Structures are given as structure tokens and as C-alpha cells.
Amino acid sequence: TCALPIYFLLFHYFFLLTAQIAMPSTIKMIGTKIAHPSPSATAAIVETVSNKKTKEREEASEEAEKIYLTDFDADDVNAFSYMLNGENLSFHKDGDNWVYDADPSVDLDEDSVKSLLTQAGKMTASEKLDEITELSDYGLDSPQNVITIETEKDTLTLDIGNCNEMLSEYYIKKEGSDDVYLTDSTTAKLFTKTVDSLKASEDTESTEEAEPSEESE
């Protein structure tokens, strides 16, 4: 008759003992505070996000203000030509290969030609001039370079005039338009490459001609 109370007391004792062991860790978990960023860290995060948004707005504004003189894909170009040292250099595309019209035997570096045309596809001007008087005032009556680019859609001709020494920029004009623009020297001098600079190098030729050798069994 006394066995039941004894078992009950033992069970009650072990229950209390287990509870005492578990309670400190439970209390510790409940009492743990969630870490929050300090005011200085929060300010730094806000400043970083703000600077990023400001930079994105500035870049978008700069892009919107750009004046594009050309807009085409290099792969759509069928032929192009330009003046260099008084000589007209012209090229046309034959299948996937570019050919120098004056000497078709010249082996041109396809990557060099494509790079040139890729840059030409996004030529920009820094400013459109107002109140144009005489084209001779800008060297456009007798351009130092005439660039012609024939694409799948149309033919574009650009005249490069004198350099504005004060701005270090060049006058440029599209044929068929009365508008005259200013463009940077990089754009103005894009088509000043010699034929030799467009030739495939010996390394390029050897790579193209090399074929993988088969191991002898």
C-alpha cells in the first residue's frame, strides 16, 4: 500500500530535477536580445543605397543626353570606305570574309574589322551646333575624311571637318543633313587605320591554318 506514494515521490523528484537543469537554458534563450544595427551602420547602409541610386540616375541622364550619329550592328554592314592620306580605302564583305577592294589577296583580320565596325555603329556627338553659316568655316566643304558605310538598310556617309583647337573636338556632318556636330577626337579618328593594321598577323594565320593532329596508334 506504500509502494504507490514512493513511486509517485520518486517521479516527482526526477521531474523537478530535470526542470531545474533545462530552465536556465530556456530562460537564457527567452532573455536573448535580437541584435540591431548600430545608428552608424544604419547610416552607412542608407548612404550606400542613396549613392548607388544617384549614380544610376546620373548614368541614365548622361545616356539620354548622348547624340548618336550612327546606330547599326556590325554584322549588318556589307561595305565601307574612308579616306586616308588622300587615298580612298574601300572594303566589302564576301560571305563571312572581308575583302580589300584594291587588293583582294590581302588577308584581313576579321576580328579587327568587326571591332572597327562595332565602334562605328555607336558613334556619338557631344554637341549639335546652332546657326550654321558656311560649311567652309568648319572644314566641311572639303572634308579631311569621308566615311561611307553600307548596311542592309541604307548607306550612311559622314564628313569629318576641322578640329576645334579650343575644345580639341572635330566638326562632323551627315551627308543629306544640314546639321553640324562636334565629336571627340577618338570618334573623328576612328577610320584612320592603314590596311596593314587591318591585316591578319602571322600568328592569326598560323592558328587558322593549323589542324589538330591525330595521335598515331
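Quantities reported herein were computed from a predicted structural model and do not represent experimental measurements. Every chain is numbered independently, its residues counted from 1 as its sequence is written. A pLDDT threshold of at least 70 governs which residues receive local features in this predicted model, and a stricter bar of 80 or more applies before side-chain atom pairs are shown or counted, although totals over entire chains, interfaces and linings include all residues. With hydrogens and water excluded, all non-hydrogen atoms of the structure serve as input to the side-chain values.

Caption draft 1: How the structure looks around the side chain of Asp159. Each helix is a run of DSSP H or I of at least 4 residues and each strand a run of E of at least 2, with the numbering of both proceeding from the N terminus. Within the secondary structure, Asp159 is located in strand β8 (residues 155-164). Accessible area is worked out with a 1.4 Å probe on protein chains only. A residue is then buried under 20% of its type maximum, exposed over 50%, and partly exposed in between. Note that His is not counted, nor are the chain ends; the positive residues are Lys and Arg, and the negative ones are Asp and Glu. A pairing counts as a salt bridge when a side-chain nitrogen of Lys or Arg comes within 4 Å of a carboxyl oxygen of Asp or Glu. Buried Asp159, no salt bridge; nearest opposite-charge side chain is Lys173, N-O distance 5.0 Å. The contact rule is simple, with two residues in contact once any of their heavy atoms fall within 4.5 Å. When neighbours within four sequence positions are excluded, Asp159 is seen to be in contact with Leu140, Pro143, Asn145, Val146, Tyr171, Ile172, Lys173 and Glu175.

Caption draft 2: Highlighting the sheet that holds strand β6 (residues 127-128). In this scheme, strands are said to pair when DSSP sees at least two bridges between them. If you walk across this open sheet you meet the eight strands as β4-β3-β2-β7-β8-β9-β10-β6, and the pairing is antiparallel. In the strand order of this sheet, the two ends are held by β4 (97-100) and β6, each with one partner.

Caption draft 3: Structural view of the packing of aromatic side chains. Aromatic pairs are defined between Phe, Tyr and Trp rings, using the six-membered ring for Trp, whenever the two ring centres lie within 6.5 Å; interplanar angles under 30 degrees are classed as stacked, those over 60 as edge-to-face, and all others as tilted. Summed over all chains, the structure comprises eight aromatic pairs. Each ring, one from Phe80 and one from Phe91, has its centre 4.8 Å from the other, and the planes form 15 degrees; the classification is stacked. Placement of the pair is Phe80 in strand β2 (residues 77-84) and Phe91 in strand β3 (residues 87-94), with a sequence separation of 11 residues. Per residue, the accessibility class of Phe80 equals that of Phe91, and both read buried. Look at Tyr82 and Phe191: their rings are 5.4 Å apart centre to centre, the planes differ by 55 degrees, and that puts the pair in the tilted class.

Caption draft 4: Here's a closer look at the environment of Gly176. Within the fold, Gly176 resides in the loop between β9 (169-174) and β10 (180-184). Given the relative accessible area of 88%, Gly176 is considered exposed. Placed 18 residues apart in sequence, Gly176 and Leu158 show a C-alpha to C-alpha distance of 9.6 Å.

Caption draft 5: Structural detail: the nonpolar core. We define a nonpolar core as any set of buried Ala, Val, Leu, Ile, Met, Phe, Trp, Tyr and Cys residues linked to one another through side-chain atoms lying within 4.5 Å. Of all hydrophobic cores here, the largest spans 32 residues; its most connected members are Phe80, Tyr82, Phe91, Trp98, Leu108, Ile149 and Phe191. Elements with a minimum of two residues in this core: β2, β3, β4, α3 (110-120), β7 (145-151), β8, β9 and α5 (195-198). Here Phe91 is in contact with Ala79, Phe80, Tyr82, Trp98, Val99, Tyr100, Asp101, Leu108, Val195 and Leu198, once residues within four sequence places are set aside. One finds Leu129, Tyr138, Leu140 and Val180 within the second-largest nonpolar core, a separate group that totals six residues.

Caption draft 6: Just unusual backbone geometry, in detail. Although it is not a glycine, Glu131 sits at a positive phi angle of roughly 55 degrees. Structurally, Glu131 is set in the loop between β6 and β7. Look at Glu131 and you get exposed, because its relative accessible area is 75%. The backbone of Ser168 shows a phi angle near 60 degrees, a positive value even though the residue is not glycine. Tracing the chain through its elements places Ser168 in the loop between β8 and β9.

Caption draft 7: Just the pattern of salt bridges, in detail. Overall, the coordinates contain four salt bridges when judged by the stated rule. The closest approach of N and O atoms between Asp71 and Lys122, which form a salt bridge, is 2.6 Å. Here Asp71, found in the loop between β1 (67-68) and β2, pairs with Lys122, found in the loop between α3 and β5 (124-125); they are 51 residues apart in sequence, far enough to count as distant. Since its relative accessible area comes to 60%, Asp71 is described here as exposed. Given the relative accessible area of 46%, Lys122 is considered partly exposed.

Caption draft 8: Up close: the side chain of Glu169. Here Glu169 is to be found in strand β9. For Glu169, which is buried and forms no salt bridge, the nearest opposite charge comes from Lys189, at a distance of 13 Å. Beyond its immediate stretch of four places on either side in the chain, Glu169 contacts Ser126, Asn162, Cys163, Asn164, Leu182, Thr183 and Asp184.

Nothing here speaks to function; it is geometry throughout.
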